[in-house]
Amino acid sequence: MTENRLAIVVLAAGQGTRMKSRLPKVLHPIAGRPLVGHVLTTASHLGAEHVEVVVRHERDRVVEVLSEQYPDAVIVDQDDIPGTGRAVQVAIDALPDDFTGDVLVLSGDVPLLEAGTLQALVDAHRAAAASATVLSALLDDPTGYGRVIRDDSGTVARIVEQKDATADEAAVTEINSGVYVFRAASLRTFLTKLDQNNAQGELYLTDVIGLLRGAQETVAAEIAADTAATFGVNDRVQLAEAGRVLNDRIVRRWQREGVTIVDPSTTWIDDDAKLAPDVTLLPNTYIAGATVVESGAMIGPDTSLLDCEVGEDAVIRRSDATLAVFGAGVTVGPFAYVRPGTVLGAKGKIGTFVETKNSQIGAGSKVPHLSYIGDTTIGERVNLGAGAITANYDDIVKHRTEIGDEVHTGSHNVFVAPVRIGDGAKTGAGAVVRKDVPAGALALSVAPQRNVEGWVEKNRAGTGAAEAAVRASKAANSEAAE
Ligand code: UD1
Ligand code: CA
């Protein structure tokens, strides 16, 4: 009888030297998720009894991310014996002694594999009753990968690392993807037989394959149909390549769901984002985090949305928004900077060169030009004149500005919070509003204008301005004489 129990081991303990990074390699993100997160998300579809992640390098940082985002994964610590063989050995030791199923080994730095490919690998392994099945791939350029060496009958004989390969072996283009299924019992036996006699002085998991063959156990390799999916990330060039492949996949997925993406090559969509049919994304647009965009919305060009909700038929042009909620039919930008906690009601507007933060702007209300609105509540059908500034910070704490419904403010107002403006109130141009304005009142705070007649002629004689003033007063005089 085939044994259908499955354990998954994700290798994430390596240093990632070639990344030259303070951040552990497996935490580098593509499509808004760490590399190891992609592996664990895929793994979660396979119905495994145990999912273990082996950590060591920067283990606390890796564990922090894992326990927050993948709390079901069991953390296993690798000791100071190096190599993928050692990593799997500590993982096997951490499984219950009575676990007798199959062990699927995944690499934390091979992020593009899909659940279907892995399930097919497990199925093939079980159908062949193999002790080990390697996922391999045929690459035009196999540089950097371990090579799958087959014997004269075409059966997998062993895997040789690039650094240990002869010229003939290095010429082999079938590579080891770093993904395998093993019978747990075979792993338990043969991992103890590894040694560190190789170019890197490590216990290589790959050596288990040759040892199994030497003991006449069945070893197979499944060649991946999609070679790009086996891509491993060891340096930043490969990180960007993997990010590009994943983005292409995500873009095509949404195109097939009815999203118009004008320029796929400059449109970046994170894995967690959700787009409704008939959304249009214009060039140079980044839909990041858990952003959700409803039908008919038009985003871009040159726009970034991180963790935003965008309502139906919204239009957001050349703008940057984080943790904001946009109602149906809003218009935003060009050149708006919308910071966390902004909620714009249906048909509202955040216009050109406007910054908002932690503010509710009611349905149909407009902040059209050159404004800063922070810690503010704005009612419905309000229009703020150009250059509205909420002075929300008194150097110690932040205060709120409250603006009622149907308020219209003059240009270039400062609202010195805490302050309230009642429903239907109006303010004059240039007002500095320091006191509450009752509903329906007109607030004026600017001193009445005083004109000093003849000042230019007297103080700027001989300038173009003075001459223009003289001409104007002559013309006015002759008009008066007629
Ligand atoms: C490994 C394989 C190679 C394969 C390639 C596929 C070995 C010896 N080589 O090489 O045949 O073609 O992956 O991408 O297995 N890790 C640990 N503990 C360690 C060392 C590594 O957990 O002591 C983890 C790393 O974090 C990484 C994975 O194992 O996620 C692979 O390690 P890496 O050093 O990148 O191996 P490669 O040289 O790529
Ligand atoms: Ca690797």
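One can find the structure itself at the top, above this paragraph.
Residues numbered from 1 in each chain as written. Chains lettered and ligands numbered in written order. Predicted model: local features only at pLDDT ≥ 70, side-chain atom pairs only at ≥ 80, totals over all residues. Heavy atoms only, no water.

### Details of the nonpolar core
Across soluble globular proteins, nonpolar side chains show a tendency to be buried alongside one another. The cut-off we apply is this: Working definition of a nonpolar core: buried Ala, Val, Leu, Ile, Met, Phe, Trp, Tyr and Cys residues. They are joined through side-chain atoms within 4.5 Å. Burial status follows relative accessibility: with a 1.4 Å probe on protein chains alone, a residue under 20% of its type maximum counts as buried, one over 50% as exposed, and anything between as partly exposed. In this description a helix means any DSSP run of H or I spanning at least four residues, a strand means any run of E spanning at least two, and both kinds are numbered starting from the N terminus. Throughout, a residue-residue contact means that at least one pair of heavy atoms, one from each residue, lies within 4.5 Å.
In this structure, I269, L281, I299, V310 and F326 are the most contacted members of the largest nonpolar core, which totals 61 residues. Going through the elements one at a time, helix 8 (236–256), strand 25 (336–338), strand 27 (349–357), strand 29 (366–374) and strand 34 (419–421) are the ones with two or more residues in this core. Of the residues forming this core, the biggest block, 6 residues, is contributed by helix 8. Ignoring any residue separated from it by four or fewer positions in sequence, one finds F326 in contact with C308, E309, V310, G311, I316, A321, V332, V338 and L344. The next biggest cluster of nonpolar side chains, apart from the first, holds 34 residues, and it includes V76, V88, A132 and F190.

### Some points on the sheet that holds strand 30 (residues 376–378)
We apply this condition: Note on pairing: two strands pair once DSSP finds at least 2 bridges between them.
With respect to topology, 9 strands assemble into an open sheet ordered 14-17-20-23-26-28-30-32-34, the strand pairing being parallel. Of all strands in the sheet, those bounded by a partner on one side alone are strand 14 (274–275) and strand 34. Note that strand 26 (residues 343–344) and strand 28 (residues 360–361) share 2 bridges and pair parallel. Bridge pairing links V343 to Q360 in strand 28.

### Structural notes on the site of ligand 1
Under the convention used in this document: Near is defined per residue: the residue qualifies when any heavy atom it owns lies within 4 Å of the molecule or strand. Within 3.5 Å is the distance limit for a polar contact, defined as a pair of N or O atoms, with the added protein rule that one can donate a hydrogen and the other accept it, and that residues adjacent in sequence qualify only through two side-chain atoms. The accessible surface values rely on the Shrake-Rupley method and a 1.4 Å probe; as for residues, cover is taken only from the protein chains in view.
Taken together, 24 residues sit near ligand 1, with L11, G83, T84, E161 and N176 positioned nearest. Within the side chain of D109, an N or O atom sits 3.0 Å from an oxygen atom of ligand 1. Within the side chain of N234, one N or O atom sits 3.4 Å away from an oxygen atom of ligand 1. With the chains in place, 90% of the 750 Å² that ligand 1 exposes on its own is no longer accessible.

### Points about the environment of V325
Within the element layout of this structure, V325 appears in strand 23 (residues 325–326). Distance from V325 to N459, taken between C-alpha atoms, is 55 Å for residues 134 residues apart in sequence.

### Notes on the pairing of strand 16 (residues 285–288)
In the sheet, strand 13 (residues 267–269) pairs with strand 16 via 3 bridges, with the strands oriented parallel. From the neighbouring strand, W268 faces strand 16, where its bridge partner is Y286. Two elements, strand 16 and strand 19 (residues 303–306), share 4 bridges in a ladder whose sense is parallel. Each residue of the ladder has a partner; that of I287, found in strand 19, is L305.

### A few points about the packing of aromatic side chains
So the rule is basically this: Aromatic rings from Phe, Tyr and Trp, taking only the six-membered ring of Trp, are treated as a pair when their centres fall within 6.5 Å; an angle between ring planes under 30 degrees marks them as stacked, one over 60 as edge-to-face, and anything in between as tilted. In our convention, an over-ring charge means Lys NZ or Arg CZ found within 6 Å of a ring centre and within 35 degrees of that ring's normal.
Across all of its chains, the model carries 2 aromatic pairs by this definition. With a centroid separation of 5.4 Å and an interplanar angle of 35°, the aromatic rings of Y180 and F182 are classed as tilted. Of the two residues examined, Y180 and F182, each falls in the buried class. Between F335 and F353 the ring centres are 5.3 Å apart and the planes differ by 5°, which places this aromatic pair in the stacked class. Here F335, found in the loop between strand 24 (331–332) and strand 25, pairs with F353, found in strand 27; they are 18 residues apart in sequence, far enough to count as distant. Classification of F335 as partly exposed rests on a relative accessible area of 44%. One residue, K193, lies across the ring of F190, its end atom 5.9 Å from the ring centre. Seen from the ring of Y393, K398 lies directly overhead, with NZ or CZ sitting 5.2 Å from the centre.

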